[in-house]
Amino acid sequence: MGMNKKEVPLLIWKFPVNFRDIEKAGEVANKIKKRLQNLGMKSEIVWRASIICFEGEMNLVLFAEKGGLTRVEVFPDRIDIFFEDEGPGVKDVNLALTPGYSTAPDWAIEMGFGAGMGLYNIKKNSDLFEIFSEESKGTWIHSRIYLNKGT
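Residues numbered from 1 in each chain as written. Predicted model: local features only at pLDDT ≥ 70, side-chain atom pairs only at ≥ 80, totals over all residues. Heavy atoms only, no water.

Caption draft 1: Structural detail: the sheet that holds strand β2 (residues 68–74). Taken in spatial order, the five strands make up an open sheet running β1-β2-β3-β5-β4, and their pairing is antiparallel. Edge positions in the open sheet fall to β1 (11–17) and β4 (128–134), since each of these has one partner strand only. Strand-to-strand twist of the sheet, defined as the mean angle between neighbouring strand axes without regard to direction, takes the value 10°. Pairing of β2 with strand β3 (residues 78–85) involves seven bridges; the strand directions are antiparallel. Bridged to Glu-73 within β3 is Asp-80. Contacts between helix α1 (residues 27–38) and the sheet are confined to β1, β2 and β3, with β1 contributing the most and set at about 165° to the helix. Strand contacts of helix α2 (residues 43–63): β1, β2, β3 and β5 (138–146), with the helix running at about 5° to β3, the strand carrying the most contacts. (Pairing = 2+ DSSP bridges. Helix = DSSP H or I, 4+ residues; strand = E, 2+ residues; numbered from the N terminus. Axes fitted to C-alpha atoms, helices over the stretch in contact; angles between N-to-C directions. Contact = heavy atoms within 4.5 Å.)

This is how it looks when you write it as C-alpha cells:
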C-alpha cells in the first residue's frame, strides 16, 4: 500500500463512564444526541447514534468494573463510536449478540436493566459493527454509521 495519510476526524468527543453509576447512566448518550443535533445531523442518524451510545454506556455501567470510555469521532461521511473497558470481557460474543441473552448482575436486573438487548441493539443500528473481547481483560466495540448511506 502507499503512504496514505491517516484520516483525521473533524470532531472527537471522549466521555469516561463509571461502573455502577446508574444515577448518570444515559448522560453520555444525551450529550452526544444534543451535539449531533447541533451539527444539523439527520434525525435518523441522531436516533441511531443515540441508541448505540445508550446501549454501550449501559454496558460500561453494568460490566466495566474499572470503568470505561465512550469515544465518538465525527468525519465528513460517517460517525465512529467506540466503547472500551478493562472489565470481565464477554465469554461468548455470538451468544451475547442474541436478543434477550443477559449476564447482567442481579443488582442491575432488580433496577430494571440487563434485558439482554444491548449488543444486539448496537449491532442493529450500526452500518459496521466490530467487537473484540477477552475474558478478564476487557472489551472493545466499534460502531460506524455512514452519514450518506442510501442517498
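Caption draft 2: Structural context of α2. End to end, α2 covers 30 Å across 21 residues, agreeing with the expected 30 Å (1.5 Å per residue, within 8%). Of all 21 residues that make up α2, 16 are buried, and the element is covered over most of its length. (Expected span 1.5 Å × (residues − 1). Buried < 20%, exposed > 50% of the residue type's maximum accessible area, 1.4 Å probe, protein only.)

Caption draft 3: Fine view of the pairing of β4. Across seven bridges, the pairing between β4 and β5 is antiparallel. Paired with Glu-130 across the two strands is His-142, which belongs to β5. Here β4 folds back onto β5, and the loop between the two strands holds three residues, one of which, Ser-136, carries a positive phi near 65°.

Caption draft 4: Spatial organisation of unusual backbone geometry. The backbone phi angle of Arg-20 is positive, close to 65°, even though this residue is not glycine. With respect to the helices and strands, Arg-20 occurs in the loop between β1 and α1. Classification of Arg-20 by relative accessible area gives partly exposed; the value is 46%.

Caption draft 5: Quick look at the side chain of Thr-70. Note that Thr-70 resides in strand β2. Judged by relative accessible area, Thr-70 falls into the buried class, the value being 0%. Those residues within four positions of Thr-70 in sequence are excluded, and the remaining contacts are Trp-13, Lys-14, Phe-15, Val-17, Val-28, Ile-32, Leu-60, Phe-82 and Phe-83.

Caption draft 6: The arrangement of the nonpolar core in detail. Of all hydrophobic cores here, the largest spans 36 residues; its most connected members are Leu-36, Met-41, Val-72, Ile-79 and Ile-81. The dominant element in this core, judged by the number of residues it contributes, is α2, at nine residues. Sequence-distant contacts of Leu-36, defined by excluding residues within four places in its chain, comprise Trp-13, Met-41, Val-46, Ala-49, Val-74 and Ile-79. (Core = buried A, V, L, I, M, F, W, Y, C linked by side-chain atoms within 4.5 Å.)

Caption draft 7: Highlighting the pattern of salt bridges. Counted by the stated rule, this structure contains 10 salt bridges. Its salt-bridge partner being Lys-66, residue Glu-86 comes within 4.0 Å of it at the nearest N-O pair. Here Glu-86, found in the loop between β3 and α3 (93–96), pairs with Lys-66, found in the loop between α2 and β2; they are 20 residues apart in sequence, far enough to count as distant. For the pair formed by Glu-86 and Lys-66, the shared burial category is exposed. One salt-bridge network, in which partners are shared between bridges, spans Glu-7, Asp-77, Arg-78, Asp-80 and Arg-144. (Salt bridge = Lys/Arg side-chain N within 4 Å of Asp/Glu carboxyl O.)

Fair warning: the whole summary comes from geometry, so function is off the table for now.
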